[in-house]
Amino acid sequence: MPELTWQKSTYSAEAANCVHIAASSSGTLHLRESDDPDAVLTTTPARLRALINGLKGHPTS
C-alpha cells in the first residue's frame, strides 16, 4: 500500500483519543485511532457519510 497522508480530526483532543483519516488514490478512506495506529478501518465516502448521518439522526439519501 502506498504511503498515506493522515489527518487528525479537528474534533479530537490535543494529546490523546485522536481519530485520523487518510484517503487513498482509489478513493478509499482509511480510519485509525491514535491509541492503536496499526488497526486501520477502510470504507467509502458514501458509507462513512451514511454512518455519520445515522449517528446524527439524519435520514440517508
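Here goes a summary of the coordinates provided.

Following the sequence through the fold, H20 ends up in strand β2 (residues 19–23). Judged by its relative accessible area of 16%, H20 falls in the buried class. Here H20 is in contact with W6, Q7, K8, H30, L31, R32 and S34, once residues within four sequence places are set aside.

What follows is about the environment of A23. The topology assignment puts A23 in strand β2. The exposure class of A23 is exposed, given its relative accessible area of 53%. Leaving out residues up to four positions away in the same chain, A23 has contacts with L4, T28 and L29.

Right, let's talk about the sheet that holds strand β4 (residues 36–43) for a bit. As summarised here, the arrangement of the four strands in space is β1-β2-β3-β4, forming an open sheet in which the pairing is antiparallel. For this open sheet the edge positions go to β1 (7–8) and β4, each flanked by a neighbour on one side alone.

Calculation rules
Sequence order sets the numbering: in each chain, residues are counted from 1 along the sequence as written. Side-chain atom pairs in this predicted model are given and counted only at pLDDT of 80 or more, local residue features only at pLDDT of at least 70, and totals for whole chains, interfaces and linings cover all residues. Side-chain numbers here rest on the full set of heavy atoms in the structure, without hydrogens or water. By definition, any uninterrupted DSSP run of H or I lasting at least four residues is a helix, any uninterrupted run of E lasting at least two residues is a strand, and each is numbered from the N terminus. Buried, partly exposed and exposed residues are distinguished by accessible area as a fraction of the type maximum, computed with a 1.4 Å probe on protein chains only: under 20%, between the cut-offs, and over 50%, respectively. Contacts between residues were defined by any pair of non-hydrogen atoms, one from each residue, lying within 4.5 Å. In this scheme, strands are said to pair when DSSP sees at least two bridges between them.

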